[in-house]
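A structural walkthrough
For reference, the chains in residue letters:
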Amino acid sequence: RMDISRKGHRFKGKKIAVFGFAVTNQDAIPFLLQEGAVVHVYDDIRNEKDFDQELLRTMRDKGVVFSFEKNPDLATYDMLVRTPGALFHSAMARS
């Protein structure tokens, strides 16, 4: 159960991998940042140029790290967030 009295610090220092940079996760990332998370976004379906460059720049300015090519070492993360549309049999999910 999450302690709501710790608002703003629930994920402080936690390294979170976000799979997929679609609309749902674009909305979730600001919340994770607000709660103190270190956010790394992975999207192996689309290329960086397919996204709004201003949005990417804004997220990067807030500390979000993006990877559009390599799959993460999941053992280095405290938590994983998957976009609802991500298929479990994708290359990223198999890693």
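Described below are features of the structure shown in this document. The residue count restarts for each chain, going from 1 along the sequence in the order it is written. Only residues with pLDDT of at least 70 get local features here, since the model is predicted, and only at 80 or more are side-chain atom pairs given and counted; chain-wide, interface and lining totals rely on the full set of residues. Side-chain figures throughout are based on the complete set of non-hydrogen atoms in the structure, without hydrogens or water.

**Some details on the side chain of Ser67**
Rule in force here: Only DSSP runs of H or I reaching four residues or more are called helices, and only runs of E reaching two or more are called strands; each is numbered from the N terminus. Any two residues having at least one pair of non-hydrogen atoms within 4.5 Å are treated as being in contact.
Tracing the backbone shows Ser67 in strand S3 (residues 65–67). Residues within four places of Ser67 in sequence aside, it is in contact with Val41, Tyr42 and Asp43.

**Comments concerning helix H2 (residues 53–61)**
Selection rule: Definition of a polar contact: a pair of N or O atoms within 3.5 Å, with one able to donate and the other able to accept a hydrogen when the atoms are protein atoms, and with sequence-neighbouring residues admitted only if both atoms are side-chain atoms.
A side-chain oxygen of the first residue of H2 lies 2.8 Å from the backbone nitrogen of Glu54; this N-cap is Asp52. One or two positions beyond H2, positive phi appears at Gly63, with a value near 105°.

**Observations concerning helix H1 (residues 23–34)**
Applied cut-off: In this scheme, a residue with accessible area under 20% of its type's maximum is buried, one over 50% is exposed, and one in between is partly exposed, where area comes from a 1.4 Å probe on protein chains only. What the arc describes is the spread of directions from the helix axis to the C-beta atoms.
For H1, the full list of buried residues reads Asn25, Ile29 and Leu32. Mapping the buried residues of H1 onto a view down its axis gives an arc of 70°, with all of them on the same face. Facing away from the buried side of H1 by over 90 degrees, the exposed positions are Val23 and Asp27.

**With respect to the nonpolar core**
Considering soluble globular proteins, one finds that nonpolar side chains tend to be buried as a cluster. Keep this limit in mind: Residues belong to one nonpolar core when they are buried, are Ala, Val, Leu, Ile, Met, Phe, Trp, Tyr or Cys, and are joined through side-chain atoms within 4.5 Å.
Membership of the largest hydrophobic core comes to 16 residues, with the highest contact counts inside it found for Val18, Phe21, Ile29, Leu32, Val39, Val41 and Phe66. Among the elements of the structure, strand S1 (15–19), H1, strand S2 (38–42) and H2 are those that each provide at least two residues to this core. Once you skip the residues sitting within four places of it in the chain, Leu32 turns out to touch Phe11, Ile16, Val18, Ala37, Val39, Met79 and Val81.

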